[in-house]
Amino acid sequence: MFKITLSPAERSYLHESLSCLSPIRPDARLNKQFRPLEATCSFLPGSNGSARIRMADGAECLASVKAKVVSLQLNNANSAQHLKNLIEVDLDINGIRDDSNLSSTIASSLKGSLVKHIPLEKLRLTHRYAFKLFIDIVVLSHSSVYPLTLLSLATYMALKSTKLPLLTSTVNDRDIEEQPMFSDDWESSLALFGDSSLSPPLLFVVAVVKDNIFIDPSPEEESVSENGICLTYANGKIISPLQTISLSPKDNTGINSAQILKAHALVKEIGPLVVKSLDEIVSDDSIKTIF
Amino acid sequence: MTDRRRILGPLDASPLTFESESVISALEGEASSKFQLKKLHVSQPSSGDDKIFVDMGLVTNCEGSCYMEIDNTLIQVSVYGPRPIRGSFIDTATLSVECRFLPFLTESKEFANGNGRNSLTEIEQRLSSFVYSCFVNTIILSKYPKSSIDIFIKVISVDSYDTNFIKLTNYLVNCASLSIVDAQIEVKDIITAGYIPTSIVTSFTNLHLPNDKIVGLYISDDTDAEIDDEKVLSSMIMECNKKARDLRSSLNKYLIQLVK
């Protein structure tokens, strides 16, 4: 992460042009336009699902999903809690300590939104055994203060491309304990999100400057923004968590509810488009560029 | 190389002495009369759902502090700064917030981080970063170049262990706000927080603008509210804002009473 230091004149110029009625972004993007990015899917042979996303400015993120069979110590009272434990998120951001505030806040908001939107019942193999998903995310380099959008795009694709081997042994091991056996043919594996009505959540960070909302803010835009909002989108809906974040320690003014609603509408508008283009990459398996 | 610095206590530390019986009883009498005075400071929001006990300036070696009691939730916030920092010049103050639960509160498994409590747990980090994001909007940091303002929050006891600590987050902001006032740090306005079980809003009334501004919003991930619906979302925000405003007016009353 490198720090953008703008002179007062540059800051004021940028802030003015972003707060116009029809805002002008430094790279001439529309307010709802992403920077070009390159994405690859299922490239790690050792994991069940993986994704890699590269931004034009060199920011890069890898996500991998690994499934491991674990035995469930079940007593019905807290089975829901047990199922929640079937997802583990591990986050490593280059240049930031693992126990730093940023890294742990991002990891917890990611995990919180994932638990509700992964078909946990699909992870359940038998009465005694289940898959546990280990989601490892590495941000190799990033320029943004809050690389959550990048992270969540990579996680989305990794989860969408996750395939679990087909169980061949019996499902009912209530009486006799039996080690689960799997088909060794990957052609017959099941996609985690195959026929599910659920879809992994996407988290978007938007920057607020006056009455304008900007998706995918560049570091320069972040440094003059008045506030940031993090919104979660899944299954065509805006869902919780929703929170404000501070993208720059300078010139913060707070926001009003109109701006929150505007950001809400913006993410609702672009959400389906992002989902569509990411899904295309997942189904096509070849490198693509999305805008 | 050995450390040749002398280990010194705080500058204003006074040596431990053992008083005679009569002095102790006199001190105790004084303390109890003080306590009665403090009891008068109980402020009650007009909405009437929480009774809050507030006391400011209890901690003497920091610039400002505030102690708050809401039922069994006890919070203490101390503010250090603005104090000068070493190193190169920066044109604004840096703000840091650290929130810690007292160790005996964190026996529950969800708080334990398993490595001797050297680092903050996930929940502590989340609370710290929320309070930070509220105050970075409020404190006029450009007034204090090359200095740092540190807010230390201690949660002494928590009433209810709801998973996301929405209620607690709300109290933390209010308590930190009063300790900022006590530290006499320049702010745009005093902020107060309002909450409904699933979300929290902190707002401040900016003197230059007619409407209330929101400095921090958090809608937790275990809410069932349909925030996809804009009307639901805006009514949630309105409700929180109203609560924050009610609390604001009672805090104002309290502060005025304090000055008198």
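Here's what I pulled together on the structure shown here. These numbers were taken from a predicted model, which means no experiment stands behind them. (Residues numbered from 1 in each chain as written. Chains lettered and ligands numbered in written order. Predicted model: local features only at pLDDT ≥ 70, side-chain atom pairs only at ≥ 80, totals over all residues. Heavy atoms only, no water.)

## Some remarks on the overall build of chain A
The number of helices and strands found in chain A is 7 helices and 12 strands. In summary, chain A has a C-alpha radius of gyration of 21 Å against a globular reference of 19 Å for 291 residues, a match within 12%. Its C-alpha atoms give chain A principal-axis dimensions of roughly 75 × 40 × 35 Å. Looking at chain A as a whole, 54% of its 291 residues qualify as buried. Pairs at least 24 residues apart make up 71% of the contacts formed inside chain A by residues separated by at least 6 positions. (Helix = DSSP H or I, 4+ residues; strand = E, 2+ residues; numbered from the N terminus. Rg over C-alpha atoms; globule rule 2.2 N^0.38 Å. Buried < 20%, exposed > 50% of the residue type's maximum accessible area, 1.4 Å probe, protein only. Contact = heavy atoms within 4.5 Å.)

## Structural notes on helix H2 (residues 122-135) of chain B
Residue and element names in this part refer to chain B. In this model, H2 (14 residues) spans 20 Å end to end at C-alpha, consistent with the 20 Å of a helix rising 1.5 Å per residue. A large share of H2 lies buried, amounting to 11 of its 14 residues. Three or more residues of H2 are buried, namely Ile-123, Glu-124, Gln-125, Arg-126, Leu-127, Ser-128, Phe-130, Val-131, Ser-133, Cys-134 and Phe-135. (Expected span 1.5 Å × (residues − 1).)

## Looking at the pattern of salt bridges
For side chains of opposite charge, pairing can occur when their charged atoms come near one another. In total, this model carries 16 salt bridges over all chains according to the counting rule given. Linking Lys143(B) and Glu186(B) is a salt bridge whose minimum nitrogen-to-oxygen distance equals 3.8 Å. You can see Lys143(B) sitting in the loop between H2 and strand E5 (147-157) and its partner Glu186(B) sitting in the loop between helix H3 (166-182) and strand E6 (192-196), a full 43 residues away along the chain. By relative accessible area, which is 47% here, Lys143(B) ends up partly exposed. Judged by its relative accessible area of 36%, Glu186(B) is partly exposed. Members of the salt-bridge network, linked through shared partners, are Arg25(A), Asp27(A), Arg29(A), Arg35(A), Asp57(A), Asp216(A) and Glu221(A). (Salt bridge = Lys/Arg side-chain N within 4 Å of Asp/Glu carboxyl O.)

## Digging into H3(B)
Between its terminal C-alpha atoms H3(B) stretches 25 Å, which fits the 24 Å expected from 17 residues at 1.5 Å a residue. The element H3(B) is extensively covered by neighbouring structure, given that 14 of its 17 residues are classed as buried.

## Quick look at the interface of chain A and chain B
With 34 residues of chain A at the interface, the matching set in chain B holds 35 residues. In total, chain A and chain B occlude about 2,800 Å² of area from one another, counting both sides; carbon and sulfur atoms represent 51% of this. Linking chain A with chain B are 1 salt bridge. In this structure, the salt-bridge partner of Asp228(B) is Lys268(A), at a minimum N-O distance of 3.4 Å. The tally of links from chain A across to chain B stands at 6 residue pairs in polar contact (both at pLDDT 80 or more). Mapped onto the side of chain A that touches chain B, the elements with two or more residues apiece are helix H3 (101-117), strand E11 (237-245) and helix H7 (257-284) of chain A. It is E11(A) that provides the largest number of residues to the side of chain A that touches chain B, a total of 8 residues. Of the residues that constitute the side of chain A that touches chain B, the class distribution is 9 nonpolar, 19 polar and 6 charged. Taken together, the 2 bridges between E11(A) and strand E8 (residues 212-219) of chain B define a ladder with antiparallel strand orientation. Each bridged residue has a counterpart across the sheet, and for Gln243(A) the counterpart in E8(B) is Tyr218(B). (Buried area = accessible area lost by both parts, 1.4 Å probe. Polar contact = N/O pair within 3.5 Å; in protein donor to acceptor, adjacent residues only side chain to side chain. Nonpolar A, V, L, I, M, F, W, Y, C, P; charged D, E, K, R; others polar. Pairing = 2+ DSSP bridges.)

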